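# Per-entry structural report
Spelled out from the first residue to the last, the chains are:
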Amino acid sequence: MRLRSGVFASSCLLMEALGVALFLRGFFPVPIRSLSRREVRGDPPAEPAPSGPGMVSNWTKIPPPLFKKVVIVLIDALRDDFVFGSKGKQFMPYTAQAVEKGTSYSFIAEAKPPTVTMPRIKALMTGSIPGFIDVIMNLNSPALLDDNLIWQAKTSGKRIIFYGDDTWVKLFPKYFVEYDGTTSFFVSDFTEVDNNVTRHLDRVLKREDWDLLILHYLGLDHIGHMTGPNSPLVGPKLNEMDNILKKIHTSLISKEEASLPNLLVVCGDHGMSETGSHGGSSEGEVRTPLLFISSAFEKRSASTLAVCLGLPIPRNSVGKLIWPVVGGKTMREQLRFVHLNGFQLSRLLQENTPVYEKESDPGYEHFKIAEKSHGNWIKLYLEGNNSEILLNFGKKILKQYLEALKTLSSSLSKQVAQYDVYSMLVGAVIIMEVLLLLLLSIPKALSSRAEFEVPLSPPLFSLLFYLICLVLCAVHVIVCTSAESLCYFCSLSWLTAVGVIMLISVLMCGILSTIARVFENSRLPLKNPVVSSSNWSEIDLLIVTGTLVHVLSLGASSFIEEEHQTWYFLINTLCLVLCQELCRNNFLLKEWDPQHSTAVKRNFDRIGEVSECKNIDMLGTRNSKLGKTTSSAEFIKDSDKWISLASPWIILICCRLLRSLNQTGVQWAHRPDFGHWLTSSEHKSELSFLAAVSLLMVFFLVQRRCSLVSKIAMALGLLGVYSYRAAIGNVIFPWQHDSQDISKNLKNVCNYKEKCAGIIQHICTSVQLYKTIMTKYIWRPLNCDATQITIMHYWFGQAFFYFQGNSNGLATVDVTAGFVGLESYLEIPAVFLTAFATYAGPLLWAIHLLCYLSSEDSRNSVAVSHGSFCYALMRSIPVAIYIVLVTGLRYHLFIWSVFSPKLLYEGVHVFITTAICLFFTAMDQNHSHKVQD
Amino acid sequence: MKEAEIRRLLAANLLCVFTVILTVVVPPFFWDGFTVLGTHLAWLCVCSVCVSTLNIILHLVLKPNLSPKRISFAHKISRFLKCCVYFFMSCILFHAIIVLYGAPLIESVTETFLFAVLLSTFTTLQCLCMLGPNLQAWIRVFSKNGATSIWESSLQITTICSIFGAWFGAFPIPLDWDQPWQVWPISCSLGATFGYVAGLIIAPLWIHWNRKQLTYKSR
Ligand SMILES: [Zn+2]
Ligand SMILES: [Zn+2]
């Protein structure tokens, strides 16, 4: 069967996407959990019995609650320095006073990444560490089925009232006797979300018919997302929160009875980074305050909360008691609490570790020892011994228990990283095979015909194929029947599994046959000139080293965090190498040898083209540097030279400007950048001006080639873009100062539908725009290598991904882009829009590449094929290597904070590249049909 | 002839290497607290000054590009001034390139500029000594098979090595090791220096190994 290399590349990418999907499914662990809570749970353990004969305690009940009523105030994105820092003193005087006066216990809680609201709520309520995959589910939250605090409270007859983020209502349906969920849909809403919570407060605080009140305030998070932690809006919001806390606390104190005090818990689900977003693992994001305020204190928390409420500790909690909260009780009660906590932890550990490790875990051993001495202590206690010795002995046991709890908790946290190695392996094998196949077929695929024979049915290999298939099936059966752990690949239906196995064997046979053919070919024409490095140009060398350097850099966590630096570095070097080549061609070869003038021209064209698309993309990022090298068509011969020499420098300067637009990464993320300067409220007019100018530029650049109808459509579309931005308050309308009425009217006019239309039009027009401009400017005959052009485009696309402000952390994904023009959460469009917004840079460059390659299609009919093959190869190499690296580093300290987000990005990028490649091939096929007709 | 020439080149280059080593070893005797990492800017100055003086002296003594004509004094002066301007321009150009590569624009201008001066000393100054302020010749030398003498080959190699050293020197900057040499521009200038030294050592050896293949076209 004959295949064009474009078709071949896209089918390879499809298989690779399958492999990546399998790998991702295996890599992201199934969160650690005990048996489902639906099962009848055993009674709480009794106090440990002494080893020898003696009196046995019959205290099997859960200890009584420490507090009568508990109010939990969860302030979204409350950073620790908002309460304990200077901001707290200034804006939260009441809370700061409570901290100082000693009527409260305050802690700094370290949230485990991903620091996104829904996983954090889950973590707070179940005490388990959220699975990484929860981030993806953050947008639509299915009901939480694990054992959790709310469920425990509900089943023990507590009445819970909830006001706040409706994620809770989705997570805990039907648990609240009364609730009012507010949606966090409009991030630009700072007041309404909180007023919706506060308006119930007065009424509820007067009532007596509840035991647990949960309030979740979202306003601070929204302010953080829109304006960052240092915005002037934060202060008043903190003040508002402080007043609310004061109100609740005074009301709680006034209703307190002598027997049981009330408790007010203040916490944040996560912090916010220096840019105001969250999701990653920077210090600002993980550190949140945790305050227990109660008059009972004259002097983590699921476990602590459970004890406070007199509930059993949730089964999957890996946390340990926050000790000082339960201090001040009698020794027997204290020991009882820690014993319960330790028992629960050790049971969880036992359920999640293989048999042979169970007894050897140091935490478990500690716990057993402490339990034994606890039993002896109980014996002494029940015998009526009440001396000083008993107290000291008790203290010693307490210490032992706390030690054991610490080790248990940490070893459980480690245990969370459970990998489904079999699925990972299958995925990795597919990816590696695809990479090998692509690498082996480079010479054929990049030949002038861009076609090759795919050997589908040579008899020898068919035998081999059946053999491999059989062996793999046998392995599959053995693995799936023997493994105790849950394995995704085994849970697939056997038809799918066999399909995947056959795919692997087919790929294997393909690789073997290609290798065989390569050997044959190399044996026959021995005098085949070996490609030596001497006839590589500098650009080829740079491309190869650059790819290698980038791939190798993925092994270090800091290089992943700062990957943008790698790309900027490579892009700059590329520009300089181009410049050097140009210099040489212009100044040297022209004089020596007139033949080379074509080479000069070719190089000039390439440069001109790169600079053009650079300028166009600048517009996309609202930077109007256009006009410097507008139309390169009407240059006089002499100015040709100088402009071609200047263009790499112009590109370099543009790159530098774009780079300062968004500081991304981790180490230098706090540096001030131009983007923040623009989006801050004082510089609204500058931003509006820039936006308007760039949109106008877009219009004028494109309109020359368009018909009247499309001109009008485009003008409307661009106007829609601007009015959308104005409606959500990013930019201003010039006449907004004149009267508020007009702007209000405009806001009404720009309702969601118009927004939707505007945005869709924006997408369409921008795509159209790029196409038209590319086809317009790239008209010259170029005899440059399609592969080089493709790889350069890929590099620029990668750099633009970071120019946009993206990074390899989850915090920079702009989820709000997913809600543009939507009235409620729709999964598919939201995911699509978010992906589009995130990968706009690489996508636009890919589209430009396609236009460029197909425009010279008449000359070189295989350019698109070459291009898509290269594109596939460029994507496969880093993915394959990265997957190997990640597998090797899966017990690395930073696996969840650095490597996993990057893996997600790589995976999504593979899917997007697959789509691009399919699109390329489809276009190519269309074109060749046309040519044939 | 050729062997003798190579030996002279080797001697000159070893002298340069020796100077670079001296700039590290000697100043602490006169200057309390002088270290390459601690007082990096001072070292940058010392190193550039020493290397450039040595290069100029070597050029005057060895005269590798034999200019047959006698040049008038005024011409010499103008040549010298031109060289100075070119050197300064190259410093500015290197500074601009470094900023384009992502060095901060406003903060630490001194560091960036001194690094640019060091790079210019390693590259431009040599070119100026060897080729004079003649851009055509520069472009010829730095294109493929453009060298016409072993001195020019050596120039090619050292220049490329210094620039590659500086290029590779930027790699450790993003790593979070918190090492004293990761501070801007220490790793880059150290990289450039190592590249320069390596180039100086490699050049004569490479020319020696390839002396059969190297056939220089006479101008
Ligand atoms: Zn949140
Ligand atoms: Zn948020």
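Residues numbered from 1 in each chain as written. Chains lettered and ligands numbered in written order. Predicted model: local features only at pLDDT ≥ 70, side-chain atom pairs only at ≥ 80, totals over all residues. Heavy atoms only, no water.

### Quick look at the overall build of chain B
What counts here: To qualify as a helix, a DSSP run of H or I must reach at least 4 residues; to qualify as a strand, a run of E must reach at least 2; elements of each kind are numbered from the N terminus. Between the two quantities, the radius of gyration covers C-alpha atoms and the globule rule is 2.2 Å times the number of residues to the power 0.38. Exposure categories follow from relative accessible area, calculated using a 1.4 Å probe and restricted to protein chains: below 20% of the type maximum is buried, above 50% is exposed, and the middle band is partly exposed. When checking whether two residues touch, look at their non-hydrogen atoms; a contact exists if any pair is within 4.5 Å. Just so you know, the count uses Lys and Arg for positive and Asp and Glu for negative, and it drops His and the chain ends. Positions of charges follow a simple convention, taking NZ of Lys, CZ of Arg, CG of Asp or CD of Glu.
A tally of helices and strands in chain B yields 9 helices and 0 strands. The linear arrangement of helices and strands in chain B, starting from the amino end, is α-α-α-α-α-α-α-α-α. Computed over C-alpha atoms, the radius of gyration of chain B comes to 18 Å, within 12% of the 17 Å expected from 2.2 N^0.38 for 219 residues, which places it in the range of a compact globule. Reported as C-alpha extents along the three principal axes, the dimensions of chain B are approximately 55 × 40 × 35 Å. Residue burial in chain B is summarised as follows: out of 219 residues, 49% are buried. Of the contacts formed within chain B by residues at least 6 apart in sequence, a portion of 72% connects residues at least 24 apart. Of the charged side chains in chain B, 15 are positive and 8 negative, and the gap between their average positions amounts to 27 Å.

### Describing the interface of chain A and chain B
Just so we agree on the cut-off: For any pair of parts, buried area is found by adding up, for both, the accessible area (1.4 Å probe) each one loses once the two are put together. Here a salt bridge means any side-chain nitrogen of Lys or Arg lying within 4 Å of a carboxyl oxygen belonging to Asp or Glu. Under the rule applied, a polar contact is a pair of N or O atoms within 3.5 Å (in protein, one hydrogen donor and one hydrogen acceptor; residues adjacent in sequence only if both atoms are side-chain atoms). By the convention adopted, Pro, Cys, Tyr, Trp, Phe, Met, Ile, Leu, Val and Ala count as nonpolar, Lys, Arg, Asp and Glu as charged, and the other residues, Gly among them, as polar.
Facing 25 residues of chain A, the contacting portion of chain B comprises 23 residues. Carbon and sulfur atoms make up 66% of the area that chain A and chain B hide from each other, which totals about 2300 Å². At the junction of chain A and chain B, the tally comes to 0 salt bridges. Connecting chain A to chain B are 5 residue pairs in polar contact (both at pLDDT 80 or more). Those elements that provide at least two residues to the side of chain A that touches chain B are α25 (557–561), α26 (563–592) and α28 (637–661) of chain A. For the side of chain A that touches chain B, the element with the most residues is α26 of chain A, which contributes 10 residues. When the residues that make up the side of chain A that touches chain B are grouped by side-chain class, the tally is 13 nonpolar, 6 polar and 6 charged.

### Description of helix α4 (residues 73–100) of chain B
Residues and elements named next belong to chain B. Here is the rule we go by: What a helix is expected to span follows from its residue count: subtract one and scale by 1.5 Å.
Taking 1.5 Å per residue, 28 residues should reach 40 Å; α4 reaches 40 Å between its end C-alpha atoms and fits that length. Of the residues making up α4, those classed as buried are Cys-83, Ser-90, Cys-91, Phe-94, His-95, Ile-97, Ile-98, Val-99 and Leu-100. Once α4 ends, the next one or two residues include Gly-102, with phi positive near 120°.

### Quick word on unusual backbone geometry
In this chain, Trp-184 of chain B is followed by Pro-185 of chain B through a cis amide linkage whose omega measures -5°. Within the secondary structure, Pro-185 of chain B is located in the loop between α8 (150–169) and α9 (186–209). The phi dihedral of Ala-77 of chain A falls on the positive side, at around 65°, and the residue is not glycine. Note that Ala-77 of chain A resides in the loop between β2 (70–75) and α2 (80–83).

### As for the side chain of Ser-48 of chain B
All names here are of chain B. By the element assignment, Ser-48 lies in helix α3 (residues 40–62). With relative accessibility at 8%, the residue Ser-48 sits in the buried group. There is a polar contact of 2.4 Å between the side chain of Ser-48 and the backbone oxygen of Leu-44. Among all residues touching Ser-48, those that are not within four sequence positions of it are Val-117, Leu-118 and Thr-121.

### Details of the packing of helix α19 (residues 421–440) of chain A against helix α23 (residues 494–523) of chain A
Residues and elements named next belong to chain A. Under the convention used in this document: Lines are fitted to the C-alpha atoms to define the axes, a helix being fitted only along its stretch in contact, and any angle between axes, read from their N-to-C directions, falls within 0 to 180 degrees. In these notes the angle categories are as follows: under 35 degrees is roughly parallel, over 145 is roughly antiparallel, 65 to 115 is roughly perpendicular, and the rest is oblique. Helix crossings fall into two classes, left-handed where the near helix is turned counterclockwise from the far one by less than a right angle and right-handed where it is turned clockwise.
Relative to each other, α19 and α23 sit at 30°, their axes nearing to 10 Å. Classified by the interaxial angle, the pair formed by α19 and α23 is roughly parallel. Read as a crossing pair, α19 and α23 show a hand that is left-handed. In this structure, α19 uses Val-426, Val-429, Ile-430, Glu-433, Val-434, Leu-436, Leu-437 and Leu-440 to contact α23, whose residues at the interface are Val-500, Leu-503, Ile-504, Leu-507, Met-508, Gly-510, Ile-511, Thr-514 and Ile-515. Across the contact of α19 with α23, the residue classes break down as 14 nonpolar, 2 polar and 1 charged.

### Structural notes on the environment of Thr-913 of chain A
Residue and element names in this part refer to chain A. With respect to the element layout, Thr-913 can be found in helix α38 (residues 895–932). Sequence separation between Thr-913 and Leu-507 is 406 residues; the distance between their C-alpha atoms is 20 Å. Contacts of Thr-913, omitting those with residues within four sequence positions, involve Leu-13, Tyr-871 and Arg-875.

### Side note on the environment of Arg-211 of chain B
All names here are of chain B. By the element assignment, Arg-211 lies in the segment after α9. Using a relative accessible area of 27% as the deciding quantity, one classes Arg-211 as partly exposed. Apart from the residues lying within four places of it in its own chain, the contact partners of Arg-211 are Lys-2 and Glu-3.

### Let's talk about a nonpolar patch on the surface
Residues and elements named next belong to chain B. Filter applied, for reference: Patch membership is restricted to residues that have no salt bridge and whose relative accessible area is over 30%. Joining uses 9 Å for like charges and 5 Å for the nonpolar side chains Val, Leu, Ile, Met, Phe, Trp and Tyr. All accessible-area figures derive from a Shrake-Rupley calculation using a 1.4 Å probe, and residue coverage is judged against the displayed protein chains alone.
On the surface, a cluster of nonpolar side chains totalling about 680 Å² of accessible area is made up of Ile-21, Val-24, Val-25, Phe-29, Phe-30 and Trp-31. Elements represented by at least two residues in the nonpolar patch include exactly α1 (2–25) and α2 (27–30). Looking at the nonpolar patch, the element that brings in the most residues is α1, giving 3 residues. Relative to the helices and strands, Val-25 resides in helix α1.

### Digging into the sheet that holds strand β4 (residues 160–165) of chain A
Residue and element names in this part refer to chain A. Where we set the bar: We treat two strands as partners when DSSP finds at least two bridges between them.
Taken in spatial order, the 7 strands make up an open sheet running β3-β8-β7-β2-β6-β4-β5, and their pairing is mixed. The sheet is open, and its two edges are formed by β3 (104–110) and β5 (178–182), each paired on a single side. When strand polarity is set aside, the average angle formed by the axes of neighbouring strands in this sheet is 10°. When β2 meets strand β6 (residues 212–217), the two strands line up parallel, connected through 6 bridges. Counted as the bridge partner of Val-73 is Leu-215 from β6. Relative to the sheet, helix α11 (residues 234–254) contacts β2, β6, β7 (263–267) and β8 (287–293), its axis offset from that of β7 by approximately 165°.

### A word on the pattern of salt bridges
Residue and element names in this part refer to chain A. Applying the stated criterion across every chain, the model contains 15 salt bridges over all chains. In this structure, Arg-287 and Asp-80 form a salt bridge, with 3.0 Å as the shortest nitrogen-oxygen distance. Of the two residues, Arg-287 is situated in strand β8 and Asp-80 in helix α2; the sequence distance between them amounts to 207 residues. Classification of Asp-80 by relative accessible area gives buried; the value is 11%. For Asp-211, the salt bridge is made with Arg-159, and the minimal N-O distance between the two is 3.3 Å. Highlighted residues: Asp-211 in the loop between α9 (201–206) and β6 and Arg-159 in the loop between α6 (149–155) and β4, separated in sequence by 52 residues. Within this structure, Glu-178, Arg-203, Arg-207 and Asp-209 form a network of salt bridges that share partners.

### Looking at the packing of α3 of chain B against helix α5 (residues 109–122) of chain B
Residue and element names in this part refer to chain B. Interhelical geometry of α3 versus α5 gives an angle of 20° and a closest axis separation of 9 Å. One finds that α3 runs roughly parallel with respect to α5. By crossing handedness, the relation of α3 to α5 is classed as left-handed. Counting all contacts with α3, which are made through Leu-41, Leu-44, Cys-45, Cys-47, Ser-48, Val-51, Ser-52 and Asn-55, the residues of α5 involved are Glu-111, Leu-114, Phe-115, Val-117, Leu-118, Thr-121 and Phe-122. Broken down by class, the residue content of the contact of α3 with α5 amounts to 10 nonpolar, 4 polar and 1 charged.

### A look at the UniProt feature "transmembrane region" (unreviewed entry) in chain A
We apply this condition: UniProt positions are given in the numbering used here, feature names are shortened, and annotations may be inferred rather than shown by experiment.
UniProt records the feature "transmembrane region" (unreviewed entry) for residues 421–440, 460–479, 491–519, 715–735, 828–851, 872–891 and 903–923 of chain A in the present numbering. Strand forms 0% of residues 828–851 of chain A and helix 96%; the C-alpha atoms that close the span are 28 Å apart.

### Some details on the nonpolar core
Filter applied, for reference: Grouping buried Ala, Val, Leu, Ile, Met, Phe, Trp, Tyr and Cys residues that are joined through side-chain atoms within 4.5 Å yields what is termed a nonpolar core.
Grouped together as the largest cluster of nonpolar side chains are 53 residues, with contacts concentrated most on Phe-23, Phe-27, Val-426, Ile-430, Phe-489 and Leu-903 of chain A. Those elements that place two or more of their residues in this core are α1 (5–27), α19, α23, α37 (863–888) and α38 of chain A. For this core, the element with the highest residue contribution is α1 of chain A, accounting for 11 residues. Contact partners of Phe-23 of chain A, with chain neighbours within four places excluded, come to Ser-423, Met-424, Gly-427, Ala-428, Ile-883, Val-886, Thr-887 and Leu-903 of chain A. Residues Phe-34, Ala-116, Ala-137 and Ile-207 of chain B belong to the second largest nonpolar core, which totals 50 residues.

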